[in-house]
Amino acid sequence: MSTFHPSPGTSTAGHHRALVLFSGGQDSATTLAWALTRYSHVETIGFDYGQRHAVELEQRLVVLDKVRAAFPAWAARLGEDHVLDLSDLGRISDTALTRDAEIAFDEQGLPSTFVPGRNLLFFTYAAAIAFRRDLTVLVGGMCETDYSGYPDCRDTTLKSLQASLTLGMGRDVVIETPLMWLDKAATWAMADALGGTPLVEIIRDDTHTCYLGDRDHAHAWGHGCGTCPACKLRADGWDTWKAHRL
Ligand code: ZN
């Protein structure tokens, strides 16, 4: 298990306003908490692209409300939430996330849930909103450790995109990915370090990860079908974190 050492209160010099790509899942909720310890003003953005697990769009509002209620200091920093309708992305991608199909893996190991270039589009839309809102830092929960073969989650991809957005927007665009080198167990540990049991419980009970959109089955690690790749990763991470904690 990799480790996480929080250093609350620090931020990139001159960059105090951030926009968090917040899907309503475990990773982006942990990333949001991370941003709220570092930036004086934090806004959130979500994307509606016809994903099968559209329940995450509902859960993201529940998480935002609960974070505001449980952490007054963070509530003071938490600003507007933006949701963009990217239904065309769903139409052109034709993957298991947006149509009724089994999740499988192709010969390159890419799961059929892969929406090609999704994060490139998400960050580019986020950068346009951030420009209008005078937010200079974009924060995402992408991670190479558990990235399941998604090339647009790679550190190199996002560093390249940061350079392109900075050039294309004509001003600094900083992309931060605090989970990039953490596994799922370390992500639970990070939530615990940032917000203790209240934050862990919000993330466990109210974030949504399951690819199938299942919120009917409750487990120690949260709700989900328990068998899709996203549920397995989340459950294994929870178990590993708990084992190290005892
Ligand atoms: Zn699942």
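None of the values given here were measured: they were computed from a predicted structure. (Residues numbered from 1 in each chain as written. Predicted model: local features only at pLDDT ≥ 70, side-chain atom pairs only at ≥ 80, totals over all residues. Heavy atoms only, no water.)

Draft legend 1. Molecular detail of the coordination of the zinc ion. For the zinc ion, every protein donor is listed as Cys210 (SG), Cys225 (SG), Cys228 (SG) and Cys231 (SG), and the spread of their distances is 2.3 to 2.4 Å. For the zinc ion, the four donor atoms are set out with angles of 106 to 116° between them, so the coordination reads as tetrahedral. Look at where the donors of the zinc ion fall in the sequence and you get C-x14-C-x2-C-x2-C. Taken individually, Cys228 and Cys231 each receive the classification buried, so the pair is uniform in this respect. (Donors = N, O, S within 2.8 Å, 3.2 Å for Na, K, Ca; no water. Tetrahedral: all angles 85-135°; square planar, octahedral: opposite > 155°, others 65-115°. Buried < 20%, exposed > 50% of the residue type's maximum accessible area, 1.4 Å probe, protein only.)

Draft legend 2. Looking closely at the packing of aromatic side chains. Evaluated as defined, the whole model comprises seven aromatic pairs. A ring pair is formed by Phe47 and Phe122, whose centres lie 4.2 Å apart and whose planes are at 10°; its orientation type is stacked. Taken as a pair, Phe47 in strand E2 (residues 41-48) and Phe122 in helix H5 (residues 118-133) lie far apart in primary sequence, 75 residues in all. For the residue pair Phe47 and Phe122, the accessibility class agrees, reading buried in each case. Measuring from ring centre to ring centre gives 4.2 Å for Phe71 and Trp74, while their planes differ by 20°; the resulting arrangement is stacked. Judged by relative accessible area, Phe71 falls into the buried class, the value being 13%. Taken together, Phe47, Tyr49 and Phe122 form an aromatic cluster joined through their ring pairs. Its guanidinium or amino end placed over the ring of Phe131, Arg171 lies 4.4 Å from that ring's centre, counting from NZ or CZ. (Phe/Tyr/Trp six-rings, centres within 6.5 Å; stacked < 30°, edge-to-face > 60°. Helix = DSSP H or I, 4+ residues; strand = E, 2+ residues; numbered from the N terminus. Lys NZ or Arg CZ within 6 Å of the ring centre and 35° of its normal.)

Draft legend 3. Structural view of helix H1 (residues 26-36). Taking burial as the measure, the 11 residues of H1 include 11 buried ones, the bulk of the element. For H1, the set of buried residues is Gln26, Asp27, Ser28, Ala29, Thr30, Thr31, Leu32, Ala33, Trp34, Ala35 and Leu36.

Draft legend 4. Up close: the sheet that holds strand E1 (residues 17-21). Pairing is parallel in the open sheet, where five strands are placed in the order E3-E2-E1-E4-E5. Two strands lie at the open edges of the sheet, namely strand E3 (78-85) and strand E5 (174-176), each paired on one side alone. Here the average twist between neighbouring strands, direction ignored, is 25°. Pairing of E1 with strand E4 (residues 137-139) involves three bridges; the strand directions are parallel. If you follow Ala18 over to E4, its bridge partner there is Val137. Each of E1, E2, E3, E4 and E5 touches H1; the most contacted strand, E1, lies at about 170° to it. (Pairing = 2+ DSSP bridges. Axes fitted to C-alpha atoms, helices over the stretch in contact; angles between N-to-C directions. Contact = heavy atoms within 4.5 Å.)

Draft legend 5. Fine view of H5. Look at H5: 22 Å from first C-alpha to last across 16 residues, which is about the 22 Å you get at 1.5 Å a residue. In the stretch just after H5, Asp134 is the one whose phi turns positive, near 60°. (Expected span 1.5 Å × (residues − 1).)

Draft legend 6. The arrangement of the environment of Ala33 in detail. Locating Ala33 in the fold gives a position in helix H1. Take Ala33: its relative accessible area is 2%, and that puts it in the buried class. Aside from chain neighbours lying at most four places away, what touches Ala33 is Trp74, Leu194 and Leu199.

Draft legend 7. Local environment of the side chain of His41. Position of His41 relative to the elements: it lies in strand E2. A polar contact is formed between the side chain of His41 and the side chain of Glu43, at a distance of 2.7 Å. Each residue touching His41, except ones within four places of it in the same chain, is listed here: His16, Arg17, Ala18, Arg77, Gly79 and Leu135. (Polar contact = N/O pair within 3.5 Å; in protein donor to acceptor, adjacent residues only side chain to side chain.)

Draft legend 8. Main features of the nonpolar core. If you look at the biggest cluster of nonpolar residues, it comprises 68 residues, and the most contacted ones within it are Phe123 and Leu138. With 10 residues, the top contributor of residues to this core is helix H7 (residues 184-206). Once you skip the residues sitting within four places of it in the chain, Leu138 turns out to touch Leu19, Phe123, Ala126, Ala127, Ala130, Leu165, Val173, Val174, Ile175 and Glu176. (Core = buried A, V, L, I, M, F, W, Y, C linked by side-chain atoms within 4.5 Å.)

Draft legend 9. Region of the structure containing the confidence of the model for the chain. Confidence in the prediction of the chain, expressed as mean pLDDT, is 87, and 81% of residues score 70 or more. pLDDT under 50 marks residues 6-11. Its contacts with residues more than four places away, or in other chains, come to eight contacts. (pLDDT = per-residue confidence, 0-100.)

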